[in-house]
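Secondary and tertiary structure notes
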Amino acid sequence: MIKLNVMGRMKWMSQMIQDGSFDDEFMPAYKEAVDNDKPIFTYGGTKYSTGYAKAIVAFADGFRDNIEELKKIER
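Read on for a plain summary of the structure. Remember, it's a predicted structure, so these values are computed and weren't measured experimentally.

Turning our eyes to something else, we now look at unusual backbone geometry. Look at D37: it is not a glycine, yet its phi comes out positive at around 55°. Looking at the secondary structure, you find D37 in the loop between α2 (21–35) and β1 (40–43). By relative accessible area, D37 is classed as exposed at 70%.

With that settled, the discussion passes to the packing of aromatic side chains. Throughout the structure, instances matching the rule amount to 9 aromatic pairs. Consider the rings of F26 and F41, whose centres lie 5.8 Å apart with planes at 65°: the pair is edge-to-face. Taken together, the residues span a long stretch of sequence, with F26 in helix α2 and F41 in strand β1 at a distance of 15 residues. Since its relative accessible area comes to 7%, F41 is described here as buried. Connected via pairs of aromatic rings, a cluster forms that spans W12, F22, F26, Y30, F41, Y43, Y48 and Y52.

Next up on the list: the pairing of β1. Burial along β1 is one-sided: F41 and Y43 are buried, while I40 and T42, pointing the other way, are not. Bridge analysis of β1 against strand β2 (residues 46–49) gives 4 bridges, and the strand direction is antiparallel. The residue of β2 that forms the bridge with Y43 is T46. Counted between consecutive antiparallel strands, the loop separating β1 from β2 contains 2 residues, among which G44 sits at a positive phi close to 60°.

Calculation notes
- Residues numbered from 1 in each chain as written.
- Predicted model: local features only at pLDDT ≥ 70, side-chain atom pairs only at ≥ 80, totals over all residues.
- Heavy atoms only, no water.
- Helix = DSSP H or I, 4+ residues; strand = E, 2+ residues; numbered from the N terminus.
- Buried < 20%, exposed > 50% of the residue type's maximum accessible area, 1.4 Å probe, protein only.
- Phe/Tyr/Trp six-rings, centres within 6.5 Å; stacked < 30°, edge-to-face > 60°.
- Pairing = 2+ DSSP bridges.

Okay, here's the thing in structure tokens:
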């Protein structure tokens, strides 16, 4: 069960990076929360803690220039 959730998250991140919503929507929502010292923000109808989002950002940044590697993992 955990594997499915992780794999789903990787596919979700891959899609966000590819379609531009990571930079255009997720990052501004995350940055606004951080700038305003909010511990939680909402993106796409889901609430995220800024700590969890920080991990998403770090992970996604590592694959931004090599999306094919992330696609290998998500399979």
